[in-house]
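Residue-level structure breakdown
The primary structure of each chain is shown beneath.
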Amino acid sequence: MHQFDELDRRIIEVLRSDGRAPVSKLAEILGITRGTVQARLDRLLESGALLGFTVRVRQDHEADAIRAVMMIEVAGKSTTAIIKRLRGMPELHSLHTTNGAWDLVAELRASSLHDFDRVLREVRQIDGILNSETSILLSSV
């Protein structure tokens, strides 16, 4: 497991606010060389500590999107394999381990009820998932 140092944390912090920032901009913001930034990014990616780069969309931009929270129960020691499968789904917005009756909590987003239904079926067919419970998020208050 990768151990983050202060520079790793600062790089990730900048990327969270601008995941498209070029290496030269990261270097300028952090006050370090481009080579250092690139080496750190390569190490973070190779170790799996940094999974990639993404686009963040304002919540109100996708007003018609179906958003839901899915609680997932996992069989035995299959959690790691299930997490890998779930991360490959573009509709998965976030994924968390948890304690209690459920093992994982996933936030899902789909463009329509038809797509949402498909995503639910795909998740439930993953080997090692014993049970799930899904709640559609109606509005943010």
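All of these numbers come straight from a predicted model, not from anything done at the bench.

1. Remarks on the packing of helix 2 (residues 23–30) against helix 3 (residues 34–47)
- Put simply, helix 2 and helix 3 touch, their axes get as near as 8 Å, and they point 110° apart. One way to sum up the angle between helix 2 and helix 3 is to call them roughly perpendicular. Of the residues in helix 3, those in contact with V23, S24, L26 and A27 of helix 2 are R34, V37, Q38 and L41.
- Here the contact of helix 2 with helix 3 is built from residues that sort into five nonpolar, two polar and one charged.

2. So, the packing of helix 1 (residues 6–17) against helix 2
- Between helix 1 and helix 2, the least distance of the axes is 11 Å, while the angle of their chain directions is 120°. It follows that helix 1 is oblique to helix 2 by the angle criterion. Crossing hand, helix 1 versus helix 2: right-handed. Contacts between helix 1 and helix 2 involve R10, I11, V14 and L15 from the first element and L26, I29 and L30 from the second.
- Across the contact of helix 1 with helix 2, the residue classes break down as six nonpolar, no polar and one charged.

3. With respect to the sheet that holds strand 1 (residues 66–74)
- Pairing in this open sheet of four strands is antiparallel, and the strands run 2-3-1-4 from one edge to the other. Single-partner strands in this sheet number two, and they are strand 2 (92–97) and strand 4 (129–137). Taken pair by pair, the neighbouring strands of this sheet meet at an average axis angle of 20°, ignoring direction.
- When strand 1 meets strand 3 (residues 104–110), the two strands line up antiparallel, connected through seven bridges. Its bridge partner lying in strand 3, M70 is registered against A106.
- Across the face of the sheet, helix 4 (residues 79–87) comes into contact with strand 1, strand 2, strand 3 and strand 4 while running at roughly 165° to strand 2.

4. Observations concerning the environment of A49
- Mapping A49 onto the fold places it in the loop between helix 3 and strand 1.
- Sequence separation between A49 and R10 is 39 residues; the distance between their C-alpha atoms is 14 Å.

5. Description of a nonpolar patch on the surface
- Residues L113, I136 and L138 make up a contiguous nonpolar surface patch of roughly 350 Å² in combined accessible area.
- Relative to the elements of secondary structure, I136 occurs in strand 4.

What counts, and at which threshold
Residues numbered from 1 in each chain as written. Predicted model: local features only at pLDDT ≥ 70, side-chain atom pairs only at ≥ 80, totals over all residues. Heavy atoms only, no water. Axes fitted to C-alpha atoms, helices over the stretch in contact; angles between N-to-C directions. Helix = DSSP H or I, 4+ residues; strand = E, 2+ residues; numbered from the N terminus. Parallel < 35°, antiparallel > 145°, perpendicular 65-115°, else oblique. Contact = heavy atoms within 4.5 Å. Nonpolar A, V, L, I, M, F, W, Y, C, P; charged D, E, K, R; others polar. Left-handed = near helix turned anticlockwise from the far one by under 90°. Pairing = 2+ DSSP bridges. Patch = residues over 30% accessible without salt bridge, like charges linked within 9 Å, V, L, I, M, F, W, Y side chains within 5 Å. Areas by Shrake-Rupley, 256 points an atom, 1.4 Å probe, with all protein chains shown as cover. Salt bridge = Lys/Arg side-chain N within 4 Å of Asp/Glu carboxyl O.

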